[in-house]
Amino acid sequence: MKITVINATEKKGVTYHLKESFLAPLKEKAEITEFYLPKDGPEFCVGCLQCFSKDQNLCKDAAKVQAIEKALLEADLLVFASPAYVFHTTGAMKALLDHFGYRWMPHRPAKEMFGKRAVIITQCLGAGGKSTAKDIKDSLSWWGVSSIKTYTFKLMSEVRWDLIPEKKRAAMCAVLTNAAAKFASIDYSKKTGTNPIVKAKFMAVRMLQTDLGKANPEYTDFKYWKENGWIGKVRPWKRT
Ligand SMILES: Cc1cc2nc3c(=O)[nH]c(=O)nc-3n(C[C@H](O)[C@H](O)[C@H](O)COP(=O)(O)O)c2cc1C
């Protein structure tokens, strides 16, 4: 089993400890690849549009973006961990997600994403954890990921891990350890079913791409959809 983890901060604080408690039961079983942002991530997207209109490898940050994408595509389980920063994910995580705009379904989604499982762990002092998770979930769902489980915590006390009451820390870790035990028992050779919302999004975009292709058969996204057979009868969630 392969797990790829995207940490929205390099700090070994609350987010880190919660993520570690989730990974603990999986460590023996899984090959885990972790990225810590901003260190391992790309610089900000500058809006050059090359990834959308031509090729993702023309991006000035292609080396870092593509290294992360490779790890995401090879993983059975994706884990995203983020604190709430002013009600949203960190700027570093947003910078990374922007670079995967070309992987949103209206453009060139990766077929590997359909049938993948993901976990999002967020925490905050009092409010904003849910909107932080949504920042990440919006991208994952538009990448085609069907099974996305979210775990959000409110500290309601200290924000330093060592100062959070032991009972509170244990309760948060127990939620994640129990969740991880379930993820450890999954047979990852079987892809998860694609949910109806992902399928509906795909079919709506397919109509759009068909129209765009009629207007311009050389349109980058249309060519990608056509090459994958998606304008015809092939579907990314079906095994060939
Ligand atoms: C820049 C910044 C903004 C924050 N914004 C919020 C917020 O909007 N709501 C909230 O409840 N906590 C907020 N926090 C607290 C964090 O969500 C988090 O609980 C705290 O940073 C501890 O997590 P960490 O050790 O992983 O950094 C903020 C913290 C920082 C540094």
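To be clear, the structure that these remarks concern was listed above.
These figures come from a predicted structure and were not determined experimentally. (Residues numbered from 1 in each chain as written. Predicted model: local features only at pLDDT ≥ 70, side-chain atom pairs only at ≥ 80, totals over all residues.)

Trainee: Now, about the pairing of strand S3 (residues 77–83): what can you tell me, with residues and values included?
Mentor: Along S3, 7 of the 7 residues are buried, which leaves the element largely enclosed by surrounding structure. Taking every second residue as pointing to the same face, both faces of S3 are buried, with Leu 77, Val 79, Ala 81 and Pro 83 on one and Leu 78, Phe 80 and Ser 82 on the other. Two elements, strand S1 (residues 2–7) and S3, share 5 bridges in a ladder whose sense is parallel. Considered in S3, the bridge of Asn 7 is made with Ala 81. Of the strand pairs in this sheet, S3 and strand S4 (residues 117–124) are connected by 7 bridges, and their pairing is parallel. Bridge pairing links Phe 80 to Ile 120 in S4. For the segment spanning S3, helix H4 (residues 91–99) and S4, crossover handedness is right-handed. (Buried ≥ 20, exposed ≤ 12 C-beta atoms within 10 Å, placed from the backbone. Helix = DSSP H or I, 4+ residues; strand = E, 2+ residues; numbered from the N terminus. Pairing = 2+ DSSP bridges. Right-handed = clockwise from strand over helix to strand, strands pointing away.)

Trainee: Describe in detail the site of the ligand, supporting the description with residues and values.
Mentor: If you check the shell around the ligand, you find 18 residues, and the closest are Gly 13, Thr 15, Cys 124, Leu 125 and Gly 128. For the shell around the ligand, the elements supplying multiple residues, two or more each, are helix H1 (14–23) and S4. (Near = placed C-beta within 6 Å.)

Trainee: Lay out the sheet that holds S3 with the relevant residues and their values.
Mentor: Ordered in space as S2-S1-S3-S4-S5, the 5 strands form an open sheet in which the pairing is parallel. A strand with exactly one partner marks an edge of an open sheet, and here the two such strands are strand S2 (31–36) and strand S5 (147–154). For this sheet, the mean angle separating the axes of adjacent strands, direction not counted, is 15°. (Axes fitted to C-alpha atoms, helices over the stretch in contact; angles between N-to-C directions.)

Trainee: I'd like to hear about unusual backbone geometry, residue by residue, with values.
Mentor: Geometrically, the link from Leu 37 to Pro 38 is a cis peptide bond, its omega value of 5° lying close to zero. With respect to the secondary-structure elements, Pro 38 resides in the loop between S2 and helix H2 (50–53). Notably, Phe 87 is not glycine yet its phi reads approximately 75°, a positive angle. Examined against the element boundaries, Phe 87 turns out to sit in the loop between S3 and H4.

Trainee: How would you explain the environment of Val 145 if you had to name every residue and give the values?
Mentor: Summarising the element assignment, Val 145 is placed in the loop between helix H5 (129–143) and S5. Of the residues examined, Val 145 has 23 C-beta atoms within 10 Å and is grouped as buried. Beyond its immediate sequence surroundings of up to four residues, Val 145 is in contact with Met 113, Lys 116, Ala 118 and Leu 140. (Contact = placed C-beta atoms within 7 Å.)

Limitation: the analysis is restricted to geometry and does not speak to function.
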